[in-house]
Amino acid sequence: MAVNIAKTITGQSLETRNAHYLPFLNDKAETLDVGIALLFKAPHSYTGEDVLELQGHGGSVILDMVLARVLECGARMARPGEFTERAFLNDKIDLAQAEAVSDLIDSSSESAALAAVRSMSGEFSKRIHAVQSELTALRAWLEAALDFSEEEIDFLADPQLAQRAESIVEQFDSLMQRAQQGQRLRDGLTVVIAGVTNVGKSSLLNALSGEDSAIVTDIEGTTRDVLHEHITLDGVPLHIIDTAGLRDTQDVVEQEGINRARRAIESADHVLVMVEADELRLPHVQLPTNLSATLVVNKIDLASELSSRGAELGEQKMREIIDRAKLFAPQFERLTNNDLMCVSVKTEQGMEALKKHLLTLVGHDAQLEGAFIARRRHLDALDAARHASMAALTRLKQSDMPELAAEELRQAQLALDSVTGRFDSEDLLGEIFGSFCIGK
Ligand SMILES: Nc1nc2c(ncn2[C@@H]2O[C@H](COP(=O)(O)OP(=O)(O)O)[C@@H](O)[C@H]2O)c(=O)[nH]1
Ligand SMILES: [Mg+2]
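A quick note: this is a predicted structure, and the numbers were derived from the prediction, not measured.

**Some words on the sheet that holds strand E1 (residues 20-25)**
Moving on, step 1. The strand order across the open sheet formed by 3 strands is E1-E2-E3, and the pairing between neighbours is antiparallel. Each edge of the open sheet carries a strand with a single partner, namely E1 and strand E3 (51-55). Neighbour to neighbour, the strand axes of the sheet diverge by 45° on average, direction disregarded.
Moving on, step 2. Two strands pair when backbone bridges link them, and E1 and strand E2 (residues 31-40) are joined in this way by 6 bridges, in the antiparallel orientation.

Structure representation (structure tokens):
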């Protein structure tokens, strides 16, 4: 089809993969525009099919006329994402790569774009295939060992089996770390500001979003509902959530606000635990221990005791604050300097450092291994695959029902297949490609 249309519109037989500068003709052989025609023959094209590319001068009228002419010659308009969908169906790219095409186009920061290119060019998929083939090899070995389990040599007792499963689990860890970083670059991070009343939580939300969305007063219990703000720092999306101060109260409305605050905290990616420099008040509840958290000491403009360097609180004071904070958030047992920020929302002191810290959490400036752009569904699949491998490892270590270990490994493979799309689910494909823009 594309080859015929090329011939009709240009009046010539085009050489493949060559730029031809020539007129585009209408049905009366009149020139509509003069431009470049490129013909790609299957399978050497983006979609794996014959493709004709016409590059004209642009401008909506001429473009419409050329488009109308192409349609007249038998073409039809593509659905959103159809080119990439065809590339996927023709095995030019896998599903993770196809999704990365869309994520590259939509990327809102340089880091996200770099991560998307990495996934699009197949680096993410290559790592998945590597784990996949190790899973296959281990399964084959295990199945063989099971077949010979009646023999004298006990293959199942071979410690290499467990070692290999262990190495697979480790590979999952590194893969997930890079994918999670990519998912955060793509979808942003949900950060909840938590603490008692009047420490400056709402002021921080307003400062970060640059808007007066939350009401700030010196009256305790001012914020009663959960407030959401979507902000972007250096192109990285962040969802900041301000909550009611956590305290014991008889006020029914405030109590409901505090319950909502707790739920918001539980579903957050990260919590900023806010305290006041001079008045160490922390909530009576405890933060879930698996949440990552930063201790933010606010109102250092009011602090009576500053360190010799001036910018930070004295060491004695810091230790006191940390000791108290540990009671609220056990994760602060392992608090490092990176997880402790002294700020004054009022004078803006330390605010730049706090913003930088938030970007670090997203992995925006991570120099180590590059992130792979990834979606929630990829993370879920990797998580399921890791979980199944871990279960297999436990069985192998304890020599407990190895035939079930083989099944766990198979489940891990199935989960991994869903990332690269080696399976068919029409619904999922429709959902993925339907979200593309037209022409891609
Ligand atoms: N001096 C000083 N006051 C602050 C600072 N941040 C917030 N405040 C004040 O502290 C009071 C409580 O702030 P708010 O944001 O409503 O606290 P929330 O209850 O934790 O949301 C308000 O009067 C703010 O103006 C700060 O860095 N320094
Ligand atoms: Mg508030």
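**Some points on the environment of Thr 420**
Moving on, step 1. Along the chain, the position of Thr 420 falls in helix H13 (residues 402-420).
Moving on, step 2. The class of Thr 420 is buried, set by a relative accessible area of 3%.
Moving on, step 3. Sequence-wise, Thr 420 and Lys 126 are 294 residues apart; in three dimensions their C-alpha atoms are separated by 9.9 Å.
Moving on, step 4. Excluding residues within four positions of it along the chain, Thr 420 makes contact with Phe 88, Asp 94, Leu 95, Ala 96, Ser 125, Ile 128 and His 129.

**Topic: the site of ligand 1**
Moving on, step 1. In the vicinity of ligand 1 lie 18 residues, with Asn 198, Lys 201, Ser 202, Ser 203 and Asp 301 positioned nearest.
Moving on, step 2. Val 199 is positioned such that a nitrogen or oxygen atom in its backbone is 3.2 Å from an oxygen atom of ligand 1.
Moving on, step 3. Interatomic distance of 3.4 Å between a backbone N/O atom of Thr 217 and an oxygen atom of ligand 1.
Moving on, step 4. About the coverage of ligand 1: the protein hides 87% of its 580 Å² of free accessible area.
Moving on, step 5. A per-element tally of the shell around ligand 1 places helix H8 (residues 201-209) first, with 3 residues.
Moving on, step 6. Residue composition of the shell around ligand 1, grouped by class: 4 nonpolar, 9 polar and 5 charged.

**Structural notes on the layout of surface pockets**
Moving on, step 1. Taken as a whole, the largest pocket spans an internal volume of roughly 1,200 Å³.
Moving on, step 2. Together, 35 residues line the largest pocket, and Leu 52, Val 70, Ala 75, Arg 76 and Phe 83 are the ones closest to its centre.
Moving on, step 3. Listing elements by their share of the lining of the largest pocket, those giving two or more residues are helix H1 (2-10), E2, E3, helix H2 (60-72) and helix H3 (82-89).
Moving on, step 4. Residue contributions to the lining of the largest pocket peak at 7 residues, all from H2.
Moving on, step 5. Broken down by class, the residue content of the lining of the largest pocket amounts to 20 nonpolar, 7 polar and 8 charged.

Each value, and the rule that gives it
- Residues numbered from 1 in each chain as written.
- Chains lettered and ligands numbered in written order.
- Predicted model: local features only at pLDDT ≥ 70, side-chain atom pairs only at ≥ 80, totals over all residues.
- Heavy atoms only, no water.
- Pairing = 2+ DSSP bridges.
- Helix = DSSP H or I, 4+ residues; strand = E, 2+ residues; numbered from the N terminus.
- Axes fitted to C-alpha atoms, helices over the stretch in contact; angles between N-to-C directions.
- Buried < 20%, exposed > 50% of the residue type's maximum accessible area, 1.4 Å probe, protein only.
- Contact = heavy atoms within 4.5 Å.
- Near = heavy atom within 4 Å.
- Polar contact = N/O pair within 3.5 Å; in protein donor to acceptor, adjacent residues only side chain to side chain.
- Areas by Shrake-Rupley, 256 points an atom, 1.4 Å probe, with all protein chains shown as cover.
- Nonpolar A, V, L, I, M, F, W, Y, C, P; charged D, E, K, R; others polar.
- 1 Å grid on protein atoms, 1.4 Å probe; cavity = no way out; pocket = protein on both sides within 12 Å on 5 of 7 lines; lining within 4 Å.
- Points joined across faces, edges and corners; volume = space filled by probe spheres on them.

Don't take any of this as a statement about function, it's just geometry.
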